[in-house]
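# Fold and geometry: a report
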Amino acid sequence: MRQTADRDPLSTADPSSPVIKSVQSQQELLQQLALRGAWRSILEAIKGQQAADQEQLLCQAAYYTLALTKLHNYTAANAEILKLGDFNSAHLSKISDDGLQVSMVPFALRWLQADAGEEPDKMYQVLDYCTQHLQADVNLAATMKSLRATQRLHSISLQDDDFAVGSNPSIIPQSSQEQHVQMWARRQHMVVCNLVNRHVRSKEYKVALRWLSWLLIERRDDPGVWSVVGYVQLMLGDIAAADRTFHKAAELLASARSPDQQRQAQAIIRQHQGLLLFARNDFAGALLEFEASGQVLSQAAAALQSRALVYVYSCNLGAAIQVTEDSMQSDLIHYVSEPLLANLCTMYELIDISGNEGSDGKTRLLTLIGGILPDDFDASFMQQ
């Protein structure tokens, strides 16, 4: 027998009611602020707001925690998560229209909780959570697909019968379960990518490759996954394997159709070739490939960092700093990023012989980019 529960007042309310409109407008506002990176504005928007129900409270908690995390206030973010208690507890779940008990906790909150620590254990728990939901949706989607197929057969066999039940195939609408399957598959892949990054940071390259091998089974025709496999193989020092992997990525990129897609694909291929040449200590050849790759804006920042790295390994730190500064001054929008700026500040410190050059460089950098830094930019590495 199915369980019953009091219906959420918002689920039965008139969509045009002031309560519904208020909830929707706040969610739209928070989403817009998040897309703009206005994290402090999100904190201000949520403070003092009264949630209409438990689901809105959890939605606010997700945005609030995300904003705190983006602003690097990890202690406060963790405290917000602890306030909610166990995510799997009954008070954070509801009974769906199908009579099933479902969690009201946004996936983003589970992600933020798992991503907070360096240890991957919690992220593995999120992976299990995604896998369970994906399998349940796959099974339900298969059932719905079978029902729709059965209905179509009845429609065909009884189409001359004026009293045929199901003679109109549109009576059973297209199930949304396929969309749920895609959603949980995307989330599962996101978690796996996070685990790959964690294992790479811990220099557990073989573990990372095992997860990438699993991801290739799911996304065999994704050149981006093949590219990451090649990068990890290079970190392991297996240049021959990386060469084969990048060749596979190039074959997939060759299917690009529009001129813009072709330019993007060619830039990625040149970046791969530059990495292979760099690994073989052909710095001059690598520099040419990275310069060619950087002509496409989407690859400009990655190519710039690669060029600077070539100069550093060529024992030309001054050139590495100069090429980075010149590029940033020419196009701040595409070149200002935390990794690039952190590398530049590190180079300032390495070249700081007299004790002033590094500080002067950081001062110039802050003057250049001070007006465009987003709320979540961590400028601690730029301190004098």
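Attention in this report is confined to the structure presented alongside it. (Residues numbered from 1 in each chain as written. Predicted model: local features only at pLDDT ≥ 70, side-chain atom pairs only at ≥ 80, totals over all residues. Heavy atoms only, no water.)

### As for unusual backbone geometry
Where the residue is not glycine, phi is negative for most of them; where a peptide bond is considered, it is trans in most cases. For clarity, the cut-off: Strands here are runs of E lasting at least two residues and helices are runs of H or I lasting at least four, both read from the DSSP assignment and numbered beginning at the N terminus.
Of note, His 72 is a non-glycine position whose phi angle comes to about 65°, a positive value. Residue position: His 72 is located in the loop between helix H4 (54-70) and helix H5 (74-84). Phi is positive for Lys 203, close to 60°, though the residue is something other than glycine. With respect to the helices and strands, Lys 203 occurs in the loop between helix H8 (177-201) and helix H9 (205-218).

### Some remarks on the pattern of salt bridges
Here is the rule: Whenever a carboxyl oxygen of Asp or Glu lies within 4 Å of a side-chain nitrogen of Lys or Arg, that contact is scored as a salt bridge. Each residue is placed in one exposure class: buried if its accessible area under a 1.4 Å probe, protein chains only, is under 20% of its type's maximum, exposed if it is over 50%, and partly exposed if it falls in between.
One pass over the full model with this rule turns up 10 salt bridges. Across the salt bridge formed by Arg 270 and Glu 289, the nearest N and O atoms sit 2.4 Å from each other. Here Arg 270 is found in helix H12 (residues 259-279), whereas its partner Glu 289 is found in helix H13 (residues 283-293), with 19 residues between them in sequence. Residue class for Arg 270 comes out partly exposed when judged on its relative accessible area of 29%.

### Describing the nonpolar core
Note the cut-off: We call a set of buried residues a nonpolar core when its members are Ala, Val, Leu, Ile, Met, Phe, Trp, Tyr or Cys and they connect through side-chain atoms within 4.5 Å of each other. In this description, contact between two residues means that some pair of their heavy atoms is separated by no more than 4.5 Å.
Of all hydrophobic cores here, the largest spans 31 residues; its most connected members are Met 328, Leu 341, Leu 344, Met 347 and Leu 365. The set of elements that each furnish at least two residues to this core consists of helix H11 (239-253), H12, H13, helix H14 (300-313), helix H15 (317-330), helix H17 (338-351) and helix H18 (357-369). The residues contacting Met 347, other than those within four sequence positions of it, are Ala 308, Val 312, Leu 317, Ala 320, Ile 321 and Thr 324.

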